[in-house]
Amino acid sequence: METFFDGLHLRTGQVAERAGVNIQTLRYYERRGLIAEPERSPGGHRIYPPGTVALLGVIKAAQRLGFTLDEVADLIDTGRRGHPNPDLQERAKAKLAEVNARIADLRTIRTALEQVVAARCDSLTHCTCADCPLPFADLAEGDPR
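Quick summary incoming for the structure in this document.

Reading guide: rules and limits
Residues numbered from 1 in each chain as written. Predicted model: local features only at pLDDT ≥ 70, side-chain atom pairs only at ≥ 80, totals over all residues. Heavy atoms only, no water. Helix = DSSP H or I, 4+ residues; strand = E, 2+ residues; numbered from the N terminus. Expected span 1.5 Å × (residues − 1). Axes fitted to C-alpha atoms, helices over the stretch in contact; angles between N-to-C directions. Parallel < 35°, antiparallel > 145°, perpendicular 65-115°, else oblique. Left-handed = near helix turned anticlockwise from the far one by under 90°. Contact = heavy atoms within 4.5 Å. Pairing = 2+ DSSP bridges.

So, on to unusual backbone geometry. Here the phi dihedral of Arg 120 falls at roughly 60 degrees; this positive angle occurs in a residue that is not glycine. Among the structural elements, Arg 120 can be located in the loop between helix H5 (86-119) and helix H6 (136-140).

As C-alpha cells, then:
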C-alpha cells in the first residue's frame with residue numbers, strides 16, 4: 001500500500017482543485033465512466049493516479065469545443081483501446097458544421113434585433129413604430145398581412 005503515499009497520488013479535493021472542477025463533478029464523471037473509479041487508501045479515502053487531472057482537462061476542453069459528455073465518453077473509450085480514432089475527425093467536422101449553423105442563426109437574430117432597435121419598437125403585440133420589423137404585432141391583432 002506504500003504507493004498511496006508516494007506523493008504522486010492525489011485525494012479527491014486535490015484533484016478537484018487542480019482540475020478546476022468541484023467534487024460533485026469529479027464523482028459524476030466517475031459514475032459516467034469518464035474517469036476510472038479510484039483506488040482507496042487504507043483509511044478509505046479515494047486516491048487518484050496523477051493522470052486524472054490531465055484527463056479532466058481533456059474532458060473540459062472537449063466540452064468547450066461543444067462535445068456532449070456522451071460524445072466525450074465515446075471518444076475517450078476509443079482512445080483507451082489504444083487505436084487511432086478517425087471518428088474524431090468526422091465528429092469534429094460535424095461539430096464544426098453545427099457551430100457554423102449556430103453562428104448563421106445568431107447573425108440572423110442580430111440583424112433582426114438591430115432592426116427592432118433602429119425602428120424603436122416598443123411592443124411585441126402593439127408596436128407603435130412607423131415601419132415595425134416585428135411580424136408578431138400584426139399577427140397578435142389578427143392582421144393576416
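Alright, that's what it looks like, and here's the rest.
Before going further, it helps to examine H5. A rise of 1.5 Å per residue sets the reference length of H5, with its 34 residues, at 50 Å; its end C-alpha atoms lie 50 Å apart and thus fit the reference within 8%. A positive phi of about 60 degrees marks Arg 120, the residue just after H5.

A pair of packed helices can be characterised by two numbers: the angle between their axes and the separation between those axes. Where helix H1 (residues 12-19) meets helix H3 (residues 51-64), the closest approach of the two axes is 9 Å, and the angle between their N-to-C directions is 40 degrees. In terms of orientation, H1 and H3 fall into the oblique class. Remark: the crossing between H1 and H3 carries right-handed chirality. Mapping the contact onto sequence places Val 15, Arg 18 and Ala 19 in H1 and Thr 52, Val 53 and Leu 56 in H3.

Taken in spatial order, the three strands line up as S1-S3-S2 in an open sheet, and their pairing is antiparallel. Here the strands that pair on one side only, and so sit at the sheet edges, are strand S1 (10-11) and strand S2 (39-40). As defined by bridge partners, S1 adjoins strand S3 (residues 46-48) across two bridges and the pair is classed as antiparallel. Within S3, the position partnered with Arg 11 by the bridge is Ile 47.

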